[in-house]
Amino acid sequence: MKTSNAAPSAFSLTRYAGHLRIARSSLIKSAHLLERIGLAAVGASCGLYVGAALLRQKGGLFESGWIVLLTMLYGALSYYVGIDLSRTIARRSISSTSEEYDGSEMVEIMSAAGTFGAAIAAALSVSILVLDQTLPNGLVAFVAGCWVIGSSLQVAAGTMARNYEVPDNKD
(Lines give C-alpha, C1' and ligand atoms only; values in the text may rest on other atoms or scores of the structure.)
Protein backbone atom coordinates (compact mmCIF):
# COMPACT_ATOMS: atom_id res chain seq x y z
CA MET A 1 0.00 0.00 0.00
CA LYS A 2 1.38 3.39 -0.94
CA THR A 3 1.79 6.04 1.74
CA SER A 4 -0.36 8.42 -0.29
CA ASN A 5 -3.31 6.02 0.07
CA ALA A 6 -2.74 5.42 3.79
CA ALA A 7 -3.66 8.91 4.96
CA PRO A 8 -7.06 9.16 3.26
CA SER A 9 -8.02 5.66 4.39
CA ALA A 10 -7.07 6.53 7.98
CA PHE A 11 -9.42 9.51 7.91
CA SER A 12 -12.32 7.80 6.18
CA LEU A 13 -15.83 8.07 7.54
CA THR A 14 -15.90 4.45 8.68
CA ARG A 15 -13.64 2.35 10.86
CA TYR A 16 -13.13 -1.36 10.66
CA ALA A 17 -13.57 -3.57 13.72
CA GLY A 18 -12.69 -7.09 12.60
CA HIS A 19 -14.97 -7.72 9.67
CA LEU A 20 -17.61 -5.27 10.89
CA ARG A 21 -17.89 -1.85 9.39
CA ILE A 22 -18.87 0.68 12.04
CA ALA A 23 -19.89 4.18 11.08
CA ARG A 24 -17.80 6.86 12.77
CA SER A 25 -20.89 8.65 14.02
CA SER A 26 -22.06 5.55 15.90
CA LEU A 27 -18.62 5.21 17.50
CA ILE A 28 -18.78 8.82 18.63
CA LYS A 29 -22.32 8.35 19.96
CA SER A 30 -21.23 5.23 21.83
CA ALA A 31 -18.24 7.03 23.31
CA HIS A 32 -20.48 9.93 24.31
CA LEU A 33 -22.91 7.55 26.02
CA LEU A 34 -20.05 5.87 27.90
CA GLU A 35 -18.78 9.29 28.97
CA ARG A 36 -22.20 10.26 30.31
CA ILE A 37 -22.59 6.95 32.15
CA GLY A 38 -19.18 7.58 33.70
CA LEU A 39 -20.30 11.06 34.76
CA ALA A 40 -23.43 9.52 36.31
CA ALA A 41 -21.23 7.10 38.25
CA VAL A 42 -19.14 10.00 39.55
CA GLY A 43 -22.31 11.83 40.56
CA ALA A 44 -23.61 8.75 42.34
CA SER A 45 -20.35 8.35 44.26
CA CYS A 46 -20.40 12.00 45.28
CA GLY A 47 -23.99 11.46 46.39
CA LEU A 48 -22.89 8.42 48.39
CA TYR A 49 -20.40 10.54 50.35
CA VAL A 50 -22.91 13.32 50.94
CA GLY A 51 -25.60 10.85 52.00
CA ALA A 52 -23.22 9.00 54.32
CA ALA A 53 -22.12 12.25 55.95
CA LEU A 54 -25.74 13.28 56.45
CA LEU A 55 -26.70 9.85 57.77
CA ARG A 56 -24.02 9.76 60.44
CA GLN A 57 -25.25 12.99 62.03
CA LYS A 58 -27.52 11.68 64.78
CA GLY A 59 -30.52 13.54 66.06
CA GLY A 60 -31.09 15.34 62.82
CA LEU A 61 -33.43 15.31 59.89
CA PHE A 62 -31.45 12.72 57.93
CA GLU A 63 -31.69 9.60 60.11
CA SER A 64 -33.20 7.31 57.46
CA GLY A 65 -31.00 5.12 55.25
CA TRP A 66 -33.03 6.29 52.26
CA ILE A 67 -31.12 9.57 52.30
CA VAL A 68 -28.06 7.77 50.92
CA LEU A 69 -30.03 6.23 48.06
CA LEU A 70 -31.75 9.54 47.26
CA THR A 71 -28.51 11.52 47.20
CA MET A 72 -26.89 8.88 45.00
CA LEU A 73 -29.77 8.85 42.52
CA TYR A 74 -29.99 12.63 42.42
CA GLY A 75 -26.23 12.89 42.00
CA ALA A 76 -26.26 10.42 39.13
CA LEU A 77 -29.10 12.30 37.44
CA SER A 78 -27.52 15.72 37.90
CA TYR A 79 -24.09 14.71 36.64
CA TYR A 80 -25.58 12.78 33.70
CA VAL A 81 -27.82 15.65 32.61
CA GLY A 82 -25.94 18.74 33.69
CA ILE A 83 -22.20 18.46 33.22
CA ASP A 84 -21.91 17.38 29.60
CA LEU A 85 -23.68 20.21 27.80
CA SER A 86 -24.35 20.27 24.11
CA ARG A 87 -21.37 21.34 22.03
CA THR A 88 -23.65 23.66 20.07
CA ILE A 89 -24.30 25.72 23.21
CA ALA A 90 -20.60 25.91 24.08
CA ARG A 91 -19.57 26.76 20.52
CA ARG A 92 -22.32 29.38 20.25
CA SER A 93 -21.29 31.23 23.41
CA ILE A 94 -17.56 31.10 22.62
CA SER A 95 -17.89 32.17 19.01
CA SER A 96 -20.38 34.93 19.73
CA THR A 97 -18.76 38.21 18.82
CA SER A 98 -21.82 40.38 19.23
CA GLU A 99 -22.63 41.92 22.58
CA GLU A 100 -26.27 40.83 22.48
CA TYR A 101 -27.46 38.38 25.10
CA ASP A 102 -28.74 35.11 23.69
CA GLY A 103 -29.21 33.09 26.90
CA SER A 104 -26.59 30.41 26.23
CA GLU A 105 -24.15 31.99 28.68
CA MET A 106 -26.62 31.48 31.53
CA VAL A 107 -26.76 27.75 30.82
CA GLU A 108 -22.99 27.45 31.08
CA ILE A 109 -22.87 29.58 34.24
CA MET A 110 -25.59 27.48 35.86
CA SER A 111 -23.81 24.26 34.94
CA ALA A 112 -20.48 25.54 36.29
CA ALA A 113 -22.04 26.84 39.52
CA GLY A 114 -23.92 23.58 40.00
CA THR A 115 -20.81 21.49 39.46
CA PHE A 116 -18.91 23.69 41.92
CA GLY A 117 -21.64 23.46 44.58
CA ALA A 118 -21.99 19.70 44.27
CA ALA A 119 -18.21 19.24 44.35
CA ILE A 120 -17.89 21.40 47.47
CA ALA A 121 -20.59 19.32 49.19
CA ALA A 122 -18.84 16.09 48.20
CA ALA A 123 -15.42 17.34 49.36
CA LEU A 124 -16.82 18.50 52.71
CA SER A 125 -18.61 15.17 53.11
CA VAL A 126 -15.46 13.18 52.45
CA SER A 127 -13.55 15.29 54.98
CA ILE A 128 -16.33 14.74 57.55
CA LEU A 129 -16.13 10.98 57.04
CA VAL A 130 -12.35 10.65 56.84
CA LEU A 131 -11.63 12.90 59.83
CA ASP A 132 -14.55 11.39 61.79
CA GLN A 133 -15.96 14.79 62.63
CA THR A 134 -19.23 15.60 64.35
CA LEU A 135 -20.51 18.88 63.02
CA PRO A 136 -23.16 21.28 64.27
CA ASN A 137 -26.51 21.05 62.50
CA GLY A 138 -25.88 24.36 60.72
CA LEU A 139 -22.83 22.99 58.93
CA VAL A 140 -24.65 19.78 58.04
CA ALA A 141 -27.47 21.88 56.59
CA PHE A 142 -24.85 23.85 54.61
CA VAL A 143 -23.46 20.63 53.08
CA ALA A 144 -26.98 19.39 52.26
CA GLY A 145 -27.87 22.79 50.79
CA CYS A 146 -24.76 22.87 48.61
CA TRP A 147 -25.62 19.40 47.33
CA VAL A 148 -29.27 20.13 46.61
CA ILE A 149 -28.68 23.55 45.04
CA GLY A 150 -25.64 22.40 43.04
CA SER A 151 -27.34 19.30 41.71
CA SER A 152 -30.52 21.22 40.92
CA LEU A 153 -28.55 23.84 38.99
CA GLN A 154 -26.92 21.05 36.97
CA VAL A 155 -30.28 19.48 36.13
CA ALA A 156 -31.77 22.87 35.19
CA ALA A 157 -28.77 23.78 33.02
CA GLY A 158 -28.78 20.42 31.25
CA THR A 159 -32.51 20.63 30.62
CA MET A 160 -32.25 24.18 29.32
CA ALA A 161 -29.30 23.30 27.06
CA ARG A 162 -31.14 20.38 25.50
CA ASN A 163 -34.26 22.48 24.89
CA TYR A 164 -32.34 25.48 23.58
CA GLU A 165 -32.77 26.12 19.87
CA VAL A 166 -29.89 27.80 18.11
CA PRO A 167 -31.27 30.51 15.83
CA ASP A 168 -30.03 30.64 12.29
CA ASN A 169 -27.93 33.73 11.65
CA LYS A 170 -27.98 33.38 7.89
CA ASP A 171 -29.03 36.79 6.65
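Residues numbered from 1 in each chain as written. Predicted model: local features only at pLDDT ≥ 70, side-chain atom pairs only at ≥ 80, totals over all residues. Heavy atoms only, no water.

**Section: the overall build of the chain**
The condition that has to hold: Think of it this way: any DSSP run of H or I at least four residues long counts as a helix, any run of E at least two long counts as a strand, and we number them from the N terminus. Think of it in three bands: with a 1.4 Å probe and only protein chains considered, a residue is buried below 20% of the maximum accessible area for its type, exposed above 50%, and partly exposed in between. Whether two residues touch is decided by their heavy atoms; if any such pair falls within 4.5 Å, the residues are in contact. Here the accessible surface of atoms and residues is derived via Shrake-Rupley with a 1.4 Å probe, and residues count as covered only by protein chains that are part of the display.
In terms of helices and strands, the chain carries six helices and two strands. Seen in sequence order, the chain has helices and strands lined up from the N terminus as α-β-β-α-α-α-α-α. Each of the 171 residues in the chain was classed as buried or not, and the buried ones make up 31%. For the chain, the proportion of contacts with a sequence separation of at least 24, taken over those separated by at least 6, is 72%. For the chain, the exposed surface amounts to about 11,000 Å²; the carbon and sulfur share of it is 66%.

**A look at the nonpolar core**
Note the threshold: As used here, the term nonpolar core means buried Ala, Val, Leu, Ile, Met, Phe, Trp, Tyr and Cys residues forming a set that is joined through side-chain atoms within 4.5 Å.
One finds Cys46, Val50, Leu54, Ala121, Ile128, Val143 and Trp147 to be the most contacted residues of the largest nonpolar core, which totals 17 residues. Broken down by element, the residue count for this core peaks at five residues, all from helix α6 (residues 137–163).

**Some points on helix α3 (residues 66–82)**
The line we're drawing: Each helix should span, by expectation, one fewer than its residue count multiplied by 1.5 Å.
With 17 residues, α3 should reach 24 Å at 1.5 Å per residue; the first-to-last C-alpha distance of 23 Å fits that figure. For α3, every residue scored as buried is listed here: Ile67, Val68, Thr71, Gly75, Ala76, Ser78, Tyr79, Val81 and Gly82.

**A look at the packing of aromatic side chains**
The following threshold applies: Stacked, tilted and edge-to-face pairs are distinguished by plane angle, under 30 degrees for stacked and over 60 for edge-to-face with tilted covering the rest, among Phe, Tyr and Trp rings (Trp via its six-membered ring) whose centres lie within 6.5 Å. To sit over a ring, a charge needs its Lys NZ or Arg CZ within 6 Å of the ring centre and within 35 degrees of the ring normal.
Throughout the structure, instances matching the rule amount to zero aromatic pairs. The cationic tip of arginine 36 hangs over the ring face of tyrosine 80; the distance from NZ or CZ to the ring centre is 4.2 Å.

**Some details on the environment of valine 81**
Structurally, the position occupied by valine 81 is in helix α3. Valine 81 sits 81 residues away from arginine 162 along the chain, and the two C-alpha atoms are 9.2 Å apart. Ignoring anything within four residues of it in the chain, the contact list for valine 81 reads Arg36, Gln154, Val155, Gly158, Thr159 and Arg162.

**Describing the environment of leucine 124**
In this fold, leucine 124 is placed in helix α5 (residues 104–130). For the pair leucine 124 and cysteine 146, spaced 22 residues apart in sequence, the C-alpha to C-alpha distance is 9.9 Å. Not counting chain neighbours up to four residues away, the residues in contact with leucine 124 comprise Phe142 and Val143.

**Focus on the confidence of the model for the chain**
The condition that has to hold: The predictor reports its confidence for every residue as pLDDT, a score running from 0 up to 100.
Looking at the chain as a whole, the pLDDT averages 76, with 66% of positions reaching at least 70. With pLDDT under 50 throughout, residues 7–14 is counted as low confidence; its partners more than four residues away or in other chains account for 10 contacts.

**So, unusual backbone geometry**
Of note in this structure, aspartate 132 is not a glycine but carries a positive phi near 50 degrees. Within the element layout of this structure, aspartate 132 appears in the loop between α5 and α6.

**Let's talk about the side chain of glutamine 154**
As for its position among the elements, glutamine 154 is in helix α6. By relative accessible area, which is 0% here, glutamine 154 ends up buried.

**Side note on the pattern of salt bridges**
Which entries qualify depends on this criterion: Whenever a carboxyl oxygen of Asp or Glu lies within 4 Å of a side-chain nitrogen of Lys or Arg, that contact is scored as a salt bridge.
A full pass over the atoms with the stated rule returns one salt bridge. With a closest N to O distance of 2.4 Å, aspartate 132 and arginine 56 form a salt bridge. Of the two residues, aspartate 132 is situated in the loop between α5 and α6 and arginine 56 in the loop between α2 (24–55) and α3; the sequence distance between them amounts to 76 residues. Classification of aspartate 132 as exposed rests on a relative accessible area of 55%. Overall, arginine 56 belongs to the partly exposed group, its relative accessible area being 26%.

**Quick notes on a nonpolar patch on the surface**
The condition is simple: Only residues whose relative accessible area exceeds 30% and that form no salt bridge enter a patch; like-charged residues are grouped when within 9 Å of one another, and nonpolar side chains (Val, Leu, Ile, Met, Phe, Trp, Tyr) when within 5 Å.
On the surface, a cluster of nonpolar side chains totalling about 450 Å² of accessible area is made up of Phe116, Ile120, Leu124, Leu139 and Phe142. Contributing elements (two or more residues each) for the nonpolar patch: α5 and α6. Of the residues forming the nonpolar patch, the biggest block, three residues, is contributed by α5. Locating isoleucine 120 in the fold gives a position in helix α5. The exposure class assigned to isoleucine 120 is partly exposed, which follows from its relative accessible area of 30%.

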